[in-house]
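Each chain, letter by letter, is given below.
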Amino acid sequence: MYYRREIKDGIYHLSGNDRRLSRFENMFTLPKGVSYNSFLILDEKTCLIDGMDNAVRETFDSGVASLLDGRSLDYFIIQHVEPDHCASINDVLMVHPGAKLVISRIGLNLLKQFFPDAANMGIDYDEISIIVKEGDTLDLGEHKLQFIGAPNVHWPEVIMTYDKTYKVLFSADAFGAFRAPDGHIYADQVDYEKDWLDEARRYYFNIVGRQGNAVQKVLDKAKDLEIEAICPIHGLCYRTPETISYIVEKYDTWSSYEAETSGVVIVYSSMYGNNARVADTLATILSEEDVQHIKVHDVSESEISEIIADLFRYSNALIFGMNYNTELFPKMDALLREITMLNYQNRKISYIAAKSWGGRGVNIAQDILSSSKDMTQVGDIVTIAGAMGQDQLSELEDLAKAIKKSL
Ligand SMILES: [Fe+2]
Ligand SMILES: [Fe+2]
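So, a few notes on the structure that sits alongside this text. Please read all numbers here as calculations on a predicted model, not as lab measurements.

Description of the sheet that holds strand β12 (residues 159-163)
Right, on to step 1. One open sheet accounts for five strands, arranged β10-β11-β12-β13-β14; its pairing is mixed. Looking at strand neighbours, the two that pair on one side only are β10 (137-139) and β14 (229-231), the edges of this open sheet. The sheet shows a mean angle of 20° between the axes of neighbouring strands, taken without regard to direction.
Right, on to step 2. Across three bridges, the pairing between β12 and strand β13 (residues 168-170) is antiparallel. Bridge pairing links D163 to V168 in β13.

In structure tokens form, the structure reads like this:
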């Protein structure tokens, strides 16, 4: 069953929602689900742009069959080989043996690596593939498609597709978001800032955050295009000048590693609640200092991808990484290693340290973050032995004042 949704003349939107998957890539929680988008163009030639995940295979299959309505599929553009978009590729090719795959050279190699059973199904990817690169075009009749290389946004093979006739940019993973839509498919139909931005940011930094330079290159290319719609393969599409410039500007900020919001993220580890009270007290003092944006995370309780998104969002971080068995508390250690892997940089950072178990935790935290570029330490390190007493409040006040001054 498929309900036809035409987004421009001849361009149809297929969307599969998965609200049952607990973790995307077996990493990131999905409290609001996730969606997969495909697009089918019906013209003199028929052309499918990307597939979907196995979880929504029936939605995808019935949509493609319903739209083609007995016509054969001429082209299947594979913008991104990751299995959440390619899972049913062989099913499509079995039903449409004459279809040509349109794919980058790296994409073809990856396709063979990820779907080695194709040969057993009588499918020879080499034989049916048209290799495309930057600037190549595909003529469907009225729709003239042009390909844009987008390596490493998210994988190295990624291409984007620009419909020159209707000025639609099919952007692969870029501009996507976690969250399954509630019926609406355009950003202008929802309260995007309230209901979608956090999940778009969490998706961006955890999925492609490391590849800021690659995203900047694509944004540069997009400047030369007249764009009336952006259609990613997760989440909502963008069709108004306001929503298009909004998300492009967000991507520009995020990919250049500039802070989006002037504010502080406090991340603490706490075994007995003592450190949690210190973190909350510091947050209270920051509030009294008129710091507007303050987020507090317990590294053992908050979803790590949310902490990561906040660390990238805000200008300042306070790391309270206590010790454990003479090392840094393992969950804090993992968090700091993950954000440096994602190219965390250009932020102001403060520390609170604990003396227990030898007190080396803060040194390990500093050591991990020493691989991050353009980090500025703010305030003196406040060191606590056991639990903080009233006599140390002035040290927290000094730290809060230094943070406030740095904003
Ligand atoms: Fe991906
Ligand atoms: Fe994806």
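Now that the structure has been shown, we can carry on.
Re the coordination of the iron ion (ligand 1)
Ideal geometry at a metal gives 109.5 degrees between four tetrahedral donors and either 90 or 180 degrees between six octahedral ones.
Right, on to step 1. Bound to the iron ion (ligand 1) are the protein donor atoms H80 (NE2), E82 (OE), H154 (ND1) and D173 (OD), situated 1.9 to 2.4 Å from the metal.
Right, on to step 2. What the four donor atoms of the iron ion (ligand 1) show is an angle range of 92 to 166° at the metal, which sorts the shape as irregular.
Right, on to step 3. Counting along the primary sequence, the residues that act as donors to the iron ion (ligand 1) give the motif H-x1-E-x71-H-x18-D.
Right, on to step 4. Taken as a pair, the iron ion (ligand 1) and the iron ion (ligand 2) lie 3.3 Å from each other and share D173 as a ligand.
Right, on to step 5. By relative accessible area, which is 7% here, E82 ends up buried.

Some points on a negative patch on the surface
Right, on to step 1. Together, D380, D391, E395, E397 and D398 give the surface a local cluster of negative charge.
Right, on to step 2. By the element assignment, D380 lies in the loop between β21 (376-377) and β22 (382-384).

Quick look at the coordination of the iron ion (ligand 2)
Right, on to step 1. Around the iron ion (ligand 2), the protein contributes the donor atoms D84 (OD), H85 (NE2), D173 (OD) and H234 (NE2), which lie 2.1 to 2.7 Å from the metal centre.
Right, on to step 2. The site at the iron ion (ligand 2) holds four donor atoms, and with the angles between them running 83 to 177°, its shape is irregular.
Right, on to step 3. For the iron ion (ligand 2), the single-chain donor residues occur in sequence as D-H-x87-D-x60-H.

Focus: the pattern of salt bridges
Proximity of charged atoms lets side chains of opposite charge pair with each other.
Right, on to step 1. Under the defined criterion, the tally for this structure stands at 20 salt bridges.
Right, on to step 2. Close ionic contact of R202 with E199 constitutes a salt bridge, the shortest N to O distance being 2.8 Å. With R202 and E199 both in helix α7 (residues 197-208) and three residues apart, the pair spans about one turn of that helix. An identical accessibility class is assigned to R202 and E199; each is buried.
Right, on to step 3. A cluster of three or more residues bridged by salt bridges with shared partners is formed by R23, E199, R202 and E303.

Notes on helix α1 (residues 57-68)
Right, on to step 1. The end-to-end C-alpha separation of α1 is 16 Å, in line with the 16 Å expected for twelve residues at 1.5 Å each.
Right, on to step 2. Those residues of α1 lying buried are F60, S62, G63, V64, L67 and L68.
Right, on to step 3. Residues of α1 that are buried in the fold lie against β2 (11-18), β5 (34-42), β6 (46-49) and α3 (89-95).
Right, on to step 4. D69, located one to two residues past α1, shows a positive phi value of around 45°.

Quick word on the sheet that holds β6
Right, on to step 1. Pairing within the open sheet is mixed, and its seven strands lie in the order β1-β2-β5-β6-β7-β8-β9. Strands with a single pairing partner mark the edges of an open sheet, and in this sheet they are β1 (6-8) and β9 (129-131). The sheet shows a mean angle of 25° between the axes of neighbouring strands, direction not considered.
Right, on to step 2. Relative to strand β8 (residues 100-103), strand β7 (residues 75-77) runs parallel, the two being bridged by three bridges. Following the sheet pairing, Y75 is matched in β8 by K100.

Some details on the pairing of β8
Right, on to step 1. As paired strands, β8 and β9 are joined by three bridges and run parallel to one another. Bridged to V102 within β9 is I130.

Let's talk about the packing of aromatic side chains
Note on aromatic pairs: each is described by the distance of the centres and the angle between the planes.
Right, on to step 1. Considering all chains together, one arrives at 18 aromatic pairs under this definition.
Right, on to step 2. For the ring pair Y192 and Y246, a centre distance of 5.9 Å and an interplane angle of 85° mean the geometry is edge-to-face. Taken as a pair, Y192 in helix α6 (residues 192-195) and Y246 in helix α9 (residues 241-255) lie far apart in primary sequence, 54 residues in all.
Right, on to step 3. Take Y192: its relative accessible area is 7%, and that puts it in the buried class.
Right, on to step 4. With 5.0 Å between their ring centres and 55° between their planes, Y324 and W357 make a pair best called tilted. Here Y324, found in strand β18 (residues 323-324), pairs with W357, found in the loop between β20 (348-354) and α13 (361-369); they are 33 residues apart in sequence, far enough to count as distant.

Overview of the environment of I41
Right, on to step 1. Structurally, I41 can be placed in strand β5.
Right, on to step 2. The exposure class assigned to I41 is buried, which follows from its relative accessible area of 0%.
Right, on to step 3. Between the C-alpha atom of I41 and that of I308, which follows or precedes it by 267 residues, the distance is 38 Å.
Right, on to step 4. Ignoring sequence-local partners within four residues, the contact set of I41 consists of G10, I11, T46, C47, I49, L140, H143, L145 and D163.

Calculation rules
- Residues numbered from 1 in each chain as written.
- Chains lettered and ligands numbered in written order.
- Predicted model: local features only at pLDDT ≥ 70, side-chain atom pairs only at ≥ 80, totals over all residues.
- Heavy atoms only, no water.
- Pairing = 2+ DSSP bridges.
- Helix = DSSP H or I, 4+ residues; strand = E, 2+ residues; numbered from the N terminus.
- Axes fitted to C-alpha atoms, helices over the stretch in contact; angles between N-to-C directions.
- Donors = N, O, S within 2.8 Å, 3.2 Å for Na, K, Ca; no water.
- Tetrahedral: all angles 85-135°; square planar, octahedral: opposite > 155°, others 65-115°.
- Buried < 20%, exposed > 50% of the residue type's maximum accessible area, 1.4 Å probe, protein only.
- Patch = residues over 30% accessible without salt bridge, like charges linked within 9 Å, V, L, I, M, F, W, Y side chains within 5 Å.
- Areas by Shrake-Rupley, 256 points an atom, 1.4 Å probe, with all protein chains shown as cover.
- Salt bridge = Lys/Arg side-chain N within 4 Å of Asp/Glu carboxyl O.
- Lys, Arg positive; Asp, Glu negative; His and termini not counted.
- Charge placed at Lys NZ, Arg CZ, Asp CG, Glu CD.
- Expected span 1.5 Å × (residues − 1).
- Contact = heavy atoms within 4.5 Å.
- Phe/Tyr/Trp six-rings, centres within 6.5 Å; stacked < 30°, edge-to-face > 60°.

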